[in-house]
Amino acid sequence: MSSKREIASLHKVVKNYGEGKVLTKALRGISMKILEGDFSVMMGPSGCGKSTLLNIIGGLDRTTSGEVKFNDENFNTLSNKALSLIRRQHIGFVFQNYNLLPVLNAYENAEYVLMLQGVAPAKRREKVMHLFQEMGLDGLENRYPRELSGGQQQRVAIARAVVTEPQLVLADEITANVDSETAQSLLELMATLNKNNSTTFLFSTHDPAVIKFAKKIIILKDGIIHSEKASIEETGQFAHR
Amino acid sequence: MKLVKISWRNLWRNSTRTNVTITAVALCIAILIIFQSLIIGLIGKAVHNTTNLVVGEVQIHAIGYLDDRSIYKSLKNVDKIRAVAKENNIGMVERSYGFGLISSGTKSAGTQFWGIDPESELKYFDFANHIDEGNFLTKTSLKKVVLGNKLARSLAAELGTELVIFVQGADGSLGNELFYVTGILGNVADNIDRGAAIILRDDFDILFSTNNLIHEIALNSNGKLEAEEIQKLMSAKAAGVAVETWKELMPTIAIMTEKMSVFMLTMFSLIFTIAASLGVMNTLVMSTYDRMKEFGIIRAIGATPWLIIRQVSLEAILLTFLASIIGTVIGLSIAIYLQVYGIDISGKGNLAFGGIVFDPIWRASVSLKSVFLPVVLMMLTSIVASIYPASIAARIKPVEAIHYKP
Ligand SMILES: Nc1ncnc2c1ncn2[C@@H]1O[C@H](COP(=O)(O)OP(=O)(O)OP(=O)(O)O)[C@@H](O)[C@H]1O
Ligand SMILES: [Mg+2]
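All values reported here derive from a predicted model rather than from experimental measurement.

Asks: It is not clear to me how the overall build of chain A should be interpreted in this structure. Could you clarify?
Replies: Secondary structure assignment for chain A yields 8 helices and 10 strands. Relative to the 2.2 N^0.38 estimate, which gives 18 Å for 241 residues, the radius of gyration of chain A is 18 Å and therefore close to what a compact globule would have. Oriented by its inertia axes, the alpha-carbon framework of chain A measures out at about 50 × 45 × 40 Å. Within chain A, the fraction of its 241 residues that count as buried is 54%. With an accessible surface of roughly 10,800 Å², chain A has 47% of that area assigned to carbon and sulfur atoms. Within chain A, the 26 negative side-chain charges are centred at a point lying 5 Å from the centre of the 29 positive side-chain charges.

Structure follows, in structure tokens:
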């Protein structure tokens, strides 16, 4: 397991919001590593800092102190533009509220990051169509987000995040707004991607269904890592959960 | 999927807002096109009227003639100039000038005598039509003189009055002759009104004992050629003479008309394009705030701030482009109508001031420039106006924007 390549690492990451009376200590010193092929799930009570942590790992937000490294690059030393480019090339984001662009149809939403990457149209088409087929989205290419169900929208959002074959996919409560069956199929889909392409996933969730798929579980409390353990699959000790 | 396509679709999300803005910008462009053509028409016509009166677009003199107006500084090689004028269809008149004294009864005045050919003056210039009393000269008007109105007044001369003229001839002899007033000019130009006595070239030669001395050639293509073009044509063929355009001959008027048109066009263009671009800015700022969340998302999935600036600016460009098409169609139609039919501004008064003669019918003059300038100006100011909303969109923090609720 230690032979796995390290994608990202956090060292004593602190994140405060506001100042003075309204100061919120969202993260209070987090150190962790993300290794290639991880399928980790972050849990913890509401407000414990899960979303904040995901945003910081993805370079969407900056730390108050401590450092984040991604492929050995220190985020503290990178410009906003450089962070954008890292996200574009190596990181996929999936949000709780689908967050598709309303003026683009399903196909175009999925294609968007490939377009930013400068991939040729024919190649983009091939990749998106192939993925849509795999994800059961074929036939929905021309539908706009408002014409799709929540589960379908989330599927497109996942397609958008993984079509570029990123090193790391960050997924923040992606099953919160879909029914359990859909959640199950979304997770199966991602587990397959993890297995076949060794895409690395980091989830945040309250949903037991997600936890069932986890290879590693990180419990966050009050902005610090309370415990970290390998899951059922990896150790066989998690069965009574 | 292209950026343009995304911007285009974004433009039509709030179609009412976009339509209102497009209409406003289109109207501004239309008004600018109309105004621009009207001003160019007004000034152009005024300049044309002024050059048409007597000066012409280009004049040729012997070198140094205008400094001392010596009767001996006459033009040589007139044939060459005649040939060039004929070849290029440029109207041309030849004038002789000399100084002398006119007396009538107890009154007398120093005068500039013009020896002219009435046929060509009538054909190519306008001042001969500005006769207040009597008639202009004809080919056979020997010993007849046409006076500037102020000169006539100071001599208390009327039609038919007998005038005694004293001059020093070119050979040094003293010439004196009797002439009769056949016409008095209306207001033409100050120097003519105060001091011109116009006679036939034949009479001039007798009076001044000269033989066909020509001091001035005035050329008028009636606007068919630019003054500078005529100047070039003439300079190329006729060496050793001073070829000057009306702008060089009447610098005050040239500067005045130039300043007038530049001032009016600049003021007007500024007011309208600024107003219109504020409209564009307002639309884009509103739509930026409406879409904060989306900008956050595309930043999160890898769009750089610069890409967002491009996308917002592209929306401004598309909007202005549409408005330009509509504005050009409307503005051009009205401007062409005004070019053909014009606006009657005659009223009653004299439409001349400061030596510039305005036309009673104000016509627009439509040119590529009068369309091009407003459109380009509007495009540029729209792009500038989009910088503010674009920078709002580009500067957002993705995390906050994703959770932004408008
Ligand atoms: N932009 C912000 N400004 C101020 N405080 C913030 C901001 N974002 C988050 N916080 C605070 O930081 C803490 C951590 O928030 P975070 O969203 O990371 O929690 P979470 O674990 O994702 O919660 P949930 O399970 O409800 O999504 C909370 O106390 C929250 O109020
Ligand atoms: Mg959260």
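Asks: I keep staring at the side chain of Thr205(A) and nothing clicks. Help me out?
Replies: Residues and elements named next belong to chain A. Turning to its location among the elements, Thr-205 is positioned in the loop between strand S8 (200–204) and helix H7 (208–213). Overall, Thr-205 belongs to the buried group, its relative accessible area being 3%. Within polar-contact distance, the side chain of Thr-205 engages the backbone nitrogen of Asp-207 at 2.8 Å. If we skip the residues at most four places from it in the chain, Thr-205 touches Val-41, Met-42, Met-43, Lys-50, Thr-175, Val-210 and Ile-211.

Asks: Looking at this structure, how should I read the pattern of salt bridges?
Replies: Close approach of charged atoms allows side chains of opposite charge to pair. Residues and elements named next belong to chain B. For the coordinates displayed, the defined rule picks out 24 salt bridges over all chains. Between Arg-82 and Asp-79 there is a salt bridge, with the nearest N and O atoms lying 2.7 Å from each other. Of this pair, Arg-82 and Asp-79 are both found in helix H4 (residues 78–87), 3 residues apart, which corresponds to roughly one turn of the helix. On the basis of relative accessibility, which here comes to 33%, the residue Arg-82 falls in the partly exposed class. Members of the salt-bridge network, linked through shared partners, are Asp-79, Arg-82, Glu-94 and Arg-201.

Asks: Can you help me understand the side chain of Arg201(B) in this one?
Replies: Residues and elements named next belong to chain B. Assignment of secondary structure puts Arg-201 in helix H8 (residues 201–208). Judged by relative accessible area, Arg-201 falls into the buried class, the value being 13%. Within the structure, Arg-201 has its side chain in polar contact with the side chain of Asn-212 (distance 2.5 Å). Those residues in contact with Arg-201 that lie beyond four places of it in its chain are Glu-94, Ser-96, Gly-115, Ile-116, Asp-117, Asn-212 and Ile-214.

Asks: Explain unusual backbone geometry to me, please; I cannot follow it from the model alone.
Replies: What you tend to see is this: most non-glycine residues have negative phi, and most peptide bonds are trans. Notably, Glu173(A) is not glycine yet its phi reads approximately 50°, a positive angle. Mapped onto the fold, Glu173(A) is located in the loop between strand S7 (168–172) and helix H6 (180–197). Despite not being glycine, Lys143(B) has its phi angle at roughly 65°, a positive value.

Asks: I'm lost on the packing of helix H3 (residues 106–117) of chain A against helix H4 (residues 121–134) of chain A in this one. Help?
Replies: To describe two helices that pack against each other, one gives the angle between their axes and the distance between the axes. Residue and element names in this part refer to chain A. Contact geometry for H3 and H4: axes closest at 10 Å, N-to-C directions at 130°. Compared by their axis directions, H3 and H4 come out oblique. Taken as a pair, H3 and H4 cross one another with a handedness that is right-handed. Contacts between H3 and H4 involve Ala-106, Tyr-107, Ala-110, Glu-111, Leu-114 and Met-115 from the former and Arg-124, Arg-125, Lys-127, Val-128, Met-129 and Phe-132 from the latter. For the contact of H3 with H4, the class distribution of residues is 8 nonpolar, no polar and 4 charged.

Asks: Sorry, what's going on with the pairing of strand S5 (residues 144–147) of chain B here?
Replies: If a strand is regular, its side chains alternate between the two faces of the sheet. Residue and element names in this part refer to chain B. Both S5 and strand S7 (residues 174–185) contribute to a ladder of 4 bridges, which runs parallel. Looking at the pairing, Val-146 lines up with Gly-183 of S7. Pairing geometry for S5 and strand S8 (residues 196–200), over 2 bridges, is antiparallel. Bridging across to S8, Val-146 finds its partner in Ile-198.

Asks: Whenever I open this one, the sheet that holds S8(A) confuses me. Can you help?
Replies: Strand pairing in a sheet relies on backbone hydrogen bonds, with the paired strands running either antiparallel or parallel. All names here are of chain A. Ordered by their spatial adjacency, 6 strands build an open sheet running S6-S7-S8-S3-S9-S10, and the pairing between neighbours is mixed. Both edges of this open sheet fall to strand S6 (91–94) and strand S10 (224–230), since each of them pairs with a single strand only. Going across the sheet, the axis of each strand differs from the next one's by a mean of 15°, ignoring polarity. The pairing of strand S3 (residues 39–43) with strand S9 (residues 216–221) spans 4 bridges and is classified as parallel. Across the sheet, residue Val-41 finds its bridge partner in S9, namely Ile-217. Contacting S6 and S7, helix H2 (residues 80–90) crosses the sheet at an angle of about 85° to S6. Helix H5 (residues 150–162) rests against S6, S7 and S8 of the sheet, and its axis sits at about 170° to S6.

Asks: I would appreciate a short explanation of the interface of chain A and chain B in the present structure.
Replies: Often the size quoted for an interface is simply the accessible area lost on bringing the parts together. Taken residue by residue, the interface counts 27 residues in chain A and 23 residues in chain B. Overall, the association of chain A and chain B removes approximately 2,200 Å² of surface from exposure, summing both partners, and the carbon and sulfur fraction of that is 65%. Counting across the chain A and chain B interface gives 1 salt bridge. Salt-bridge contacts for Arg9(B) lead to Glu108(A); the nearest nitrogen and oxygen are separated by 2.6 Å. On inspection of chain A and its partner chain B, the count reaches 8 residue pairs in polar contact (both at pLDDT 80 or more). Broken down by class, the residue content of the side of chain A that touches chain B amounts to 13 nonpolar, 6 polar and 8 charged.

Asks: Before we go on, may I ask you to explain the sheet that holds strand S2 (residues 24–35) of chain A in this structure?
Replies: Residue and element names in this part refer to chain A. As summarised here, the arrangement of the 4 strands in space is S2-S1-S4-S5, forming an open sheet in which the pairing is antiparallel. Among the strands making up the open sheet, the edge pair consists of S2 and strand S5 (73–74). The pairing of strand S1 (residues 6–17) with S2 spans 9 bridges and is antiparallel. Along S2, the bridge assignment pairs Lys-15 with Leu-27. Strand contacts of helix H1 (residues 50–57): S1, S2 and strand S4 (65–70), with the helix running at about 55° to S2, the strand carrying the most contacts.

Asks: Would you explain the site of ligand 1 in this entry?
Replies: Residues and elements named next belong to chain A. Surveying the vicinity of ligand 1 reveals the residues Tyr-17, Thr-24, Ala-26, Ser-46, Gly-47, Cys-48, Gly-49, Lys-50, Ser-51, Thr-52, Glu-173 and His-206. For ligand 1, an oxygen atom lies 2.8 Å from a polar atom in the side chain of Ser-51. Contact with the protein chains removes 62% of the 630 Å² of surface that ligand 1 exposes when unbound. Among the secondary structure elements, those contributing two or more residues to the shell around ligand 1 are S2 and H1. By residue number, the principal contributor to the shell around ligand 1 is H1, which donates 3 residues.

Asks: I tried to follow a nonpolar patch on the surface on my own but got confused; where do I start?
Replies: Together, Phe321(B), Ile325(B), Ile326(B), Val329(B), Ile330(B) and Ile334(B) give the surface a local cluster of nonpolar side chains, amounting to about 510 Å² of exposed area. Among the secondary structure elements, Ile330(B) is positioned in helix H13 (residues 305–340).

Definitions and limits used
Residues numbered from 1 in each chain as written. Chains lettered and ligands numbered in written order. Predicted model: local features only at pLDDT ≥ 70, side-chain atom pairs only at ≥ 80, totals over all residues. Heavy atoms only, no water. Helix = DSSP H or I, 4+ residues; strand = E, 2+ residues; numbered from the N terminus. Rg over C-alpha atoms; globule rule 2.2 N^0.38 Å. Buried < 20%, exposed > 50% of the residue type's maximum accessible area, 1.4 Å probe, protein only. Areas by Shrake-Rupley, 256 points an atom, 1.4 Å probe, with all protein chains shown as cover. Lys, Arg positive; Asp, Glu negative; His and termini not counted. Charge placed at Lys NZ, Arg CZ, Asp CG, Glu CD. Polar contact = N/O pair within 3.5 Å; in protein donor to acceptor, adjacent residues only side chain to side chain. Contact = heavy atoms within 4.5 Å. Salt bridge = Lys/Arg side-chain N within 4 Å of Asp/Glu carboxyl O. Axes fitted to C-alpha atoms, helices over the stretch in contact; angles between N-to-C directions. Parallel < 35°, antiparallel > 145°, perpendicular 65-115°, else oblique. Left-handed = near helix turned anticlockwise from the far one by under 90°. Nonpolar A, V, L, I, M, F, W, Y, C, P; charged D, E, K, R; others polar. Pairing = 2+ DSSP bridges. Buried area = accessible area lost by both parts, 1.4 Å probe. Near = heavy atom within 4 Å. Patch = residues over 30% accessible without salt bridge, like charges linked within 9 Å, V, L, I, M, F, W, Y side chains within 5 Å.

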